[in-house]
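Reading the structure
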Amino acid sequence: MRRSSIGWKLIRLHTILVYIFMFTPIVVVIVLAFNPKQFGIFPMEGFSFRWFVKLAQNDSIIDAFKNSLILGGLTAVLSTSIGIMAALAFIRFDFRGKNTINTLLLSPIMIPEVVLGVALLLFLRFLQQPKSFALLLIGHVVLTLPYVLLIVQARLVGIKKEYEEAAKSLGANGFQTFMEVTFPLLLPAILAGALFSFTISFDDITATLFWATAENQTVPVKIFSMLRNSISPEINALGTVMIVMTVATPLLAGYLSRKFTNLKA
Amino acid sequence: MKSNSWKPWALLAPSMTAVFLLLVIPVCFIVVYSFWLRAPSGADIPAFQMGNYAKFFEDFFYPQILLRTIRISFETVFLCILMGYIPAYFFYRSSSRHKQIFLLLIMLPFWVSFIIRTMSWINIMGDTGLINHFLLRIGLIQAPISMLYNEFTVLMGLLMYLLPFMILNIYVSLEGIDKSLLEAARSMGCTEWQAFREVTLPLSLPGLSAGSLLVFVLTAGTYLPPMILGGPGNDMIANLIFKRVIGTLDWPFGSAISVILLALLFIIVWTYNRYLGINQIFKSFQGN
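What counts and how
- Residues numbered from 1 in each chain as written.
- Chains lettered and ligands numbered in written order.
- Predicted model: local features only at pLDDT ≥ 70, side-chain atom pairs only at ≥ 80, totals over all residues.
- Heavy atoms only, no water.
- Helix = DSSP H or I, 4+ residues; strand = E, 2+ residues; numbered from the N terminus.
- Contact = heavy atoms within 4.5 Å.
- Areas by Shrake-Rupley, 256 points an atom, 1.4 Å probe, with all protein chains shown as cover.
- Lys, Arg positive; Asp, Glu negative; His and termini not counted.
- Charge placed at Lys NZ, Arg CZ, Asp CG, Glu CD.
- Buried area = accessible area lost by both parts, 1.4 Å probe.
- Salt bridge = Lys/Arg side-chain N within 4 Å of Asp/Glu carboxyl O.
- Polar contact = N/O pair within 3.5 Å; in protein donor to acceptor, adjacent residues only side chain to side chain.
- Nonpolar A, V, L, I, M, F, W, Y, C, P; charged D, E, K, R; others polar.
- Core = buried A, V, L, I, M, F, W, Y, C linked by side-chain atoms within 4.5 Å.
- Buried < 20%, exposed > 50% of the residue type's maximum accessible area, 1.4 Å probe, protein only.
- Phe/Tyr/Trp six-rings, centres within 6.5 Å; stacked < 30°, edge-to-face > 60°.
- Lys NZ or Arg CZ within 6 Å of the ring centre and 35° of its normal.
- Patch = residues over 30% accessible without salt bridge, like charges linked within 9 Å, V, L, I, M, F, W, Y side chains within 5 Å.
- 1 Å grid on protein atoms, 1.4 Å probe; cavity = no way out; pocket = protein on both sides within 12 Å on 5 of 7 lines; lining within 4 Å.
- Points joined across faces, edges and corners; volume = space filled by probe spheres on them.

Now for the overall build of chain A. Looking only at helices and strands, chain A has eleven helices and zero strands in total. When its helices and strands are written in sequence order, chain A yields α-α-α-α-α-α-α-α-α-α-α. With the C-alpha coordinates aligned to their principal axes, the bounding extent of chain A is approximately 70 × 65 × 40 Å. Here the contacts in chain A between residues at least 6 apart in sequence split such that 69% fall between residues at least 24 apart. As presented, chain A carries roughly 12,400 Å² of accessible surface, and 66% of it is formed by carbon and sulfur atoms. A distance of 9 Å separates the average location of the 22 positive side-chain charges in chain A from that of its 13 negative side-chain charges.

Below is the structure:
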C-alpha cells in the first residue's frame, strides 16, 4: 500500500489511538505516583518521592513483596522444570493418548481462575487441610505450566533430532545428551518460559485471592485490599514499582543473554 | 520415534500428577458438591439433588447474571475485533524498521500488573481523574461528570486486558499469508480494497476466530474488571461465584454456579472445535 494514501494514514492513526488506549493507564499510574498531593489526583502539584518513601516504610507491603518474589521464583523453577520434561515427551516421543494429554495440560488457559480457585479450595476442605504456602505454590505451577509448555514445545520442534542422535552415537547416554546438546539449544525458550511463569505468578490475582492466607499475601492481593478503601497515591507508587520490576526484568534478561552470547562468540 | 516406551510417561509424570491432583480431581469435586445440600447451620450435607441448580433458575436474578456474562463476552469480542484488526494489519503491512519494536510494545502490557492497569481507569475516569480534570480545565463542564462503575468502564477494563490477545492472534494469521497471493490478485487487476476483501481477509479468519474464542472464554470467566470498575448491577458470573463461596460460604451453591459456567464454556469450546479446530488458538503464544 502506498505510504501516502489516505487509507494507510487512517490505518496508522487507528493504530496510534490503540496504543494510546493501551498505554494511558500505565502512564497515568507512573505520573500520579510522583504527585505530592494527598489524594493521588490531578492536577500535578510538583514532583516528589514521598509516596515511595512511605511505601518503603510500610512493613506489610514489604512482606507482600517478599512473598510475591519467593512465590514467583519458586513457581518459575518448578513450572519450567516439569514443563521441559513434558515438552520433551510430547515432541520427542510417540505414545497413545498424546493429543488428549496435551490438551489436558494446556486446559488451565481455558478454565476460569475462579473455578480453579473454588475447586482447589473445595478439595482441600474435603481433605481437611488448611490453606498453605505449598497450596499457593502448586496452584501457581498449574496456572503457569501451559505457557511454559507452549513456549518450550515451539522451540523444541525447531531443534533437529539429528544433533541428539549424533551425541548418542558418540556414546552419550540420554541424560548426557540432554545436558550437553538439547539444554543449551533450548536455553532461550527455557528462560522465556521461566520469565513468563514468574510474571504470571507475580501478577496473579483471582486464583490467589482464593488460595492466599493472611500470612502469605502477595502484592496484588495487598493492592486489592487497599483498593477497598479508596485509591491512594501509595497504590500508584506501588504500581510504579511493579511496572518497573515486571518490565525491567525481561529487558534485563534480554540484554544479559545478548551480552553472554557476544562473550561466547 | 520410539513408541510404547516408558520414557515419555516418566517425563510426563510430574506435570500429569500436578494437573490431576490440582485440576482434574478438584473439578470433579465441584461437580459432586454441586448436588449436595447446605444445612441451615452452614454445614454441607452429602446428597444427590438438583436443588442448587433449581435455585439458580428459580427466578430471574441469577439467569440475568448469566445472560449478562454472555452478552458482555460477545460485546468484548466484537470490540476487540473492531479495535484490534487494524493494528494487526498495520504490523503485517508495515515495512518500517521499527516494526519489531511496535510489536514488542503491544506485548508490553502483558508484563504490567493486571490489577494496576485495571485500577488505573479510576485515575483516568474518576471524578477527580484525568478526563474530568481536562474537561473542567478547558471549561467544557462546570462539575465533574461521574463516569465510573458502569458497564462501559467494565468494558474498558476488559478491552485493555484482552486486546493484545486478539491483535496477536490476527497478526500470526496474517503473517502466515503468502504475499505472492496478494501480488497475483493485484496483477490481475484487483484494487487494494478488493485484494484485501478477497484474499487477505478470508485468509486471516483462522486467527480472527481463534482470537475471538480466547477473548470470549477469558471474558466469561473474568472477575477483576467488574469487581473494580463495575457497579452493583454489573456483576458477572465469576463475581457471583466469589460472593457465594467466600462471602456466604455456600459451597454447594457456589459449586453449582461454577458447573454452569464450565458448561457454558464447554459448549462454546466444543462447538468451536467441532467446526474450526482448536489448535490455532495456541499458536499466538508460541510466536513470541
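Once that is clear, we can look at the interface of chain A and chain B. Contacts between chain A and chain B engage 85 residues on the former and 94 residues on the latter. Between chain A and chain B, the buried area comes to about 8,300 Å², and carbon and sulfur atoms account for 82% of it. There are one salt bridge connecting chain A and chain B. Aspartate 44 of chain B serves as the salt-bridge partner of arginine 125 of chain A, at 2.4 Å between the closest nitrogen and oxygen. Here chain A is connected to chain B by seven residue pairs in polar contact (both at pLDDT 80 or more). In terms of residues, the side of chain A that touches chain B owes the most to one element, helix α1 (residues 6-33) of chain A, which gives 16 residues. Of the residues belonging to the side of chain A that touches chain B, the class tally is 66 nonpolar, eleven polar and eight charged.

What follows deals with the pattern of salt bridges. Residues and elements named next belong to chain B. The final tally for this structure, using the stated rule, is twelve salt bridges over all chains. A salt bridge links arginine 71 to glutamate 151; its shortest N-O distance comes to 2.8 Å. Pair noted here: arginine 71 is in helix α3 (residues 61-93) and glutamate 151 is in helix α7 (residues 151-175), with a separation of 80 residues, a long-range link. Across the salt bridge formed by glutamate 192 and arginine 186, the nearest N and O atoms sit 3.8 Å from each other.

Another aspect to go through is the nonpolar core. Formed by 182 residues in total, the largest nonpolar core has its most connected members in Phe21, Leu105, Trp211 and Ile223 of chain A together with Leu12, Phe56 and Ile115 of chain B. By residue number, the principal contributor to this core is α7 of chain B, which donates 15 residues. What phenylalanine 56 of chain B contacts, discounting residues up to four positions off in sequence, is Tyr62, Pro63, Leu66, Ile237, Leu240, Phe253, Ile257 and Ile260 of chain B.

Note that serine 5 of chain B resides in the segment before α1 (7-33). In terms of polar contacts, serine 5 of chain B uses its side chain to reach the backbone amide nitrogen of lysine 7 of chain B, at 3.0 Å.

Summed over the entire model, instances satisfying the criterion amount to 37 aromatic pairs over all chains. Their ring planes at 40° and their centres at 6.3 Å tell us that phenylalanine 224 of chain A and tyrosine 223 of chain B sit as a pair that is tilted. With phenylalanine 224 of chain A in helix α10 (residues 219-229) and tyrosine 223 of chain B in the loop between α9 (192-220) and α10 (224-229), this residue pair bridges two chains. Plain terms: the ring middles of phenylalanine 90 of chain B and phenylalanine 91 of chain B are 6.1 Å apart, the flat faces sit at 65° to each other, and that makes the pair edge-to-face. Both residues of the pair, phenylalanine 90 of chain B and phenylalanine 91 of chain B, belong to the buried class. By the ring-pair criterion, three or more aromatic residues cluster together here, those being Trp8, Tyr19 and Phe23 of chain A together with Phe90, Phe91, Phe102 and Tyr171 of chain B. The ring of phenylalanine 253 of chain B carries the charged tip of lysine 55 of chain B above its face, separated from the ring centre by 4.2 Å. The aromatic ring of tyrosine 275 of chain B is capped on one face by arginine 274 of chain B, whose charged end is 5.8 Å from the ring centroid.

Bringing a nonpolar patch on the surface into the picture now. All names here are of chain A. Taken together, the side chains of Ile6, Leu10, Leu13, Ile16, Leu17 and Ile20 make up a nonpolar region of the molecular surface, amounting to roughly 600 Å² of accessible area. Here leucine 13 lies in helix α1. A relative accessible area of 46% places leucine 13 in the partly exposed class.

Overall, the coordinates contain one cavity of 30 Å³ or more when judged by the stated rule. Within this model, the largest cavity holds a volume of roughly 790 Å³. When contributions to the lining of the largest cavity are tallied by element, the ones reaching two or more residues are α6 (133-158) and α8 (174-203) of chain A together with α4 (99-111), α5 (114-125), α7, α9, α10 and α13 (280-286) of chain B. Per-class residue counts for the lining of the largest cavity are 24 nonpolar, seven polar and four charged.

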